[in-house]
Structures are given as C-alpha cells and as structure tokens.
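If you want the building blocks of each chain, they are given just below.
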Amino acid sequence: LKKHLPEGLHGKLTYQPCMTTVLNRYYPAAMHEVERPAKTIALNLAFDRRSERFGLEEEAILGRIATALKTLTEKGFKFVAAVHAWDHDPMIEFLHREGITAEYKRLNLDSPEEIVKFYKSMPLTIGMRGHAQMIPFGCGNAIFSIISHPKLAYFLEDVGHPEWGADVHDEDLAERIVSFVKGFEGAESGIRASIAAKQEEIWAITRANLGQIGSFLQD
C-alpha cells in the first residue's frame with residue numbers, strides 16, 4: 001500500500017486482520033464449544049470468474065478435485081457442500097456429475113449467526129473462497145485451501161501455515177488434499193492449538209488497534 005501513498009502517510013498505515021479470523025473471541029455463536037461430527041468435511045468450491053480461477057485447465061483441475069473427493073468418500077468421509085452464492089450452483093452440478101454424495105447448505109440464504117454456527121460445527125473445511133477459510137479459522141477449526149486466487153495463499157502465509165493449502169494448478173492437487181485430510185485425523189487437536197495461538201496474536205493486534213481508534217474518537 002505504501003507504493004500507492006505519499007510518503008507522509010506511510011506512518012498512518014496499520015495492519016488489521018479481518019475480524020472473521022477471531023470470531024470465537026467476541027461473537028457469541030462462535031464462542032461456545034459444540035459437538036463436531038467425525039469424518040465430516042465442509043466443502044466450498046467457487047465457480048465465479050471461472051476463467052480467472054481455472055484458466056485453460058478447468059476440466060483437469062476439477063478432475064483432480066473429483067479424484068480426491070471420491071478417494072475420501074471411499075475412506076468414510078462425508079461432505080457438506082457450503083454454497084456461499086448463487087454462482088456457486090455449478091458446484092452442485094459438478095458433484096452430481098461426478099457421482100459424489102453430499103449434503104447441501106445454502107449459506108447465502110442463512111443469517112450471519114447461522115453461517116457461523118454451521119462453520120463452528122465443521123471440524124474441517126476445504127474451501128476455495130476467502131471467507132470459506134477465514135470464518136472456520138475464526139471458529140478455531142481446521143482449513144485446507146484450494147488456492148484459485150492469490151488472497152487464499154496470502155492468508156495462509158499470514159497465519160504461518162502455507163502447507164494448509166495447494167494451488168489449483170498443482171498436478172498433485174488430489175494427493176495433497178487426501179494427504180492433508182488423512183493427516184488431520186490424528187492431528188486435529190494440534191491444528192486447533194496452532195490456530196488458537198495465532199488467534200491470540202491477531203486478537204492482541206485488534207485490541208491495540210481498537211484502543212487507538214477509541215483515543216482518536218475521544219480527541
């Protein structure tokens with residue numbers, strides 16, 4: 001951002017992570033522990049701006065994702081497809097076409113509280129949209145990013161876990177997804193502890209920023 005601002009304004013820039021990343025620090029629906037069903041994965045695949053997300057490799061990429069989901073289904077995992085917007089309906093068509101069984105949750109018709117409650121109840125979310133990762137992270141739950149937009153990679157870098165994702169153009173995408181999920185079964189508590197530690201850092205930054213905002217308003 002400094003490249004786009006006069007030098008005299010550089011000192012006014014302050015880093016503030018998205019508030020969704022610390023939902024369980026202040027939002028009631030995310031603060032209380034809930035029962036998380038075993039072997040259940042929330043799945044979000046984005047189909048808006050398809051040419052930008054997939055380039056000329058859409059069928060190859062979707063084929064790799066389908067391979068991963070079928071492998072995990074065979075291993076007893078269940079999927080809940082999280083539909084964030086109407087332009088995500090191709091996800092439903094894709095799952096039907098590939099014969100992948102899933103429940104469907106139309107989050108675009110739910111209230112913010114219901115959305116948070118949903119992600120709070122999902123032990124792991126595989127997502128392709130920023131908020132399909134930041135909201136479950138903010139609830140303290142594990143994520144795996146299918147990176148079809150740079151911001152997903154940036155977020156994983158911000159939280160110090162680039163291994164929690166794979167680029168859509170990675171030829172080993174299917175293997176990366178399956179490997180993460182298999183490893184997650186024995187590492188959930190460790191992942192949740194890692195998320196909690198990072199949230200403490202984010203919450204400290206947020207409280208400091210809120211203090212500055214409060215002083216500005218008082219002045």
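Our structure's up above, just so we're on the same page.
Notes on the structure in this doc start here. Remember, it's a predicted structure, so these values are computed and weren't measured experimentally.

Here is what the cut-offs are and how they apply
- Residues numbered from 1 in each chain as written.
- Predicted model: local features only at pLDDT ≥ 70, side-chain atom pairs only at ≥ 80, totals over all residues.
- Heavy atoms only, no water.
- Pairing = 2+ DSSP bridges.
- Helix = DSSP H or I, 4+ residues; strand = E, 2+ residues; numbered from the N terminus.
- Axes fitted to C-alpha atoms, helices over the stretch in contact; angles between N-to-C directions.
- Core = buried A, V, L, I, M, F, W, Y, C linked by side-chain atoms within 4.5 Å.
- Buried < 20%, exposed > 50% of the residue type's maximum accessible area, 1.4 Å probe, protein only.
- Contact = heavy atoms within 4.5 Å.
- Disulfide = S-S within 2.5 Å.
- Patch = residues over 30% accessible without salt bridge, like charges linked within 9 Å, V, L, I, M, F, W, Y side chains within 5 Å.
- Areas by Shrake-Rupley, 256 points an atom, 1.4 Å probe, with all protein chains shown as cover.
- Salt bridge = Lys/Arg side-chain N within 4 Å of Asp/Glu carboxyl O.
- Lys, Arg positive; Asp, Glu negative; His and termini not counted.
- Charge placed at Lys NZ, Arg CZ, Asp CG, Glu CD.
- Left-handed = near helix turned anticlockwise from the far one by under 90°.
- Right-handed = clockwise from strand over helix to strand, strands pointing away.
- Polar contact = N/O pair within 3.5 Å; in protein donor to acceptor, adjacent residues only side chain to side chain.

**A word on the sheet that holds strand β3 (residues 103-106)**
Here six strands make up an open sheet; going across it, the order is β3-β2-β1-β4-β5-β6 and the pairing parallel. The strands lining the two open edges of the sheet, one partner per strand, are β3 and β6 (165-167). Here the strands of the sheet are splayed against their neighbours by 20° on average, with no regard to which way each runs. When strand β1 (residues 40-44) meets strand β2 (residues 78-83), the two strands line up parallel, connected through four bridges. Across the sheet, residue Ala 42 finds its bridge partner in β2, namely Val 80.

**Some remarks on the nonpolar core**
Counting residues in hydrophobic clusters, the biggest one holds 52 residues, and the most contacted among them are Leu 45, Ile 65, Phe 94 and Leu 95. For Leu 95, the contacting residues outside a window of four places in its chain are Leu 43, Leu 69, Ala 81, Ile 100, Ala 102 and Tyr 104.

**Quick word on the state of the cysteines**
Applying the stated rule across the entire model yields zero disulfides. Cysteine Cys 18 remains unbridged, with the sulfur of Cys 139 as its closest cysteine sulfur at 12 Å. Of the residues examined, Cys 18 reaches a relative accessible area of 32% and is grouped as partly exposed.

**Regarding the environment of Pro 90**
Within the secondary structure, Pro 90 sits in helix α4 (residues 89-98). Along the chain, Pro 90 and Asp 48 lie 42 residues apart, while their C-alpha atoms are 9.3 Å from each other. Those residues in contact with Pro 90 that sit more than four places away from it in its chain are Phe 47 and Arg 50.

**With respect to a negative patch on the surface**
The grouping of Glu 57, Glu 171, Asp 172 and Glu 175 at the surface amounts to a negative patch. With respect to the helices and strands, Asp 172 occurs in the loop between β6 and α8 (173-184).

**Points about the packing of helix α3 (residues 58-74) against α4**
Between α3 and α4, the least distance of the axes is 11 Å, while the angle of their chain directions is 65°. Note on packing geometry: the crossing formed by α3 with α4 is right-handed. Facing α3, whose interface residues are Glu 59, Leu 62, Ile 65, Ala 66, Leu 69 and Lys 70, α4 presents Phe 94, Leu 95, Arg 97 and Glu 98.

**Examining the pairing of β3**
Sheet analysis places β2 next to β3, joined by four bridges and oriented parallel. Across the sheet, residue Val 83 finds its bridge partner in β3, namely Arg 106. The parallel pair β2 and β3 is bridged by α4, and the resulting crossover is right-handed.

**A short note on the side chain of Asp 48**
Examined against the element boundaries, Asp 48 turns out to sit in the loop between β1 and α2 (50-54). What makes Asp 48 buried here is its relative accessible area of 11%. Side chain to side chain, Asp 48 and Arg 129 meet in a polar contact 3.1 Å long.

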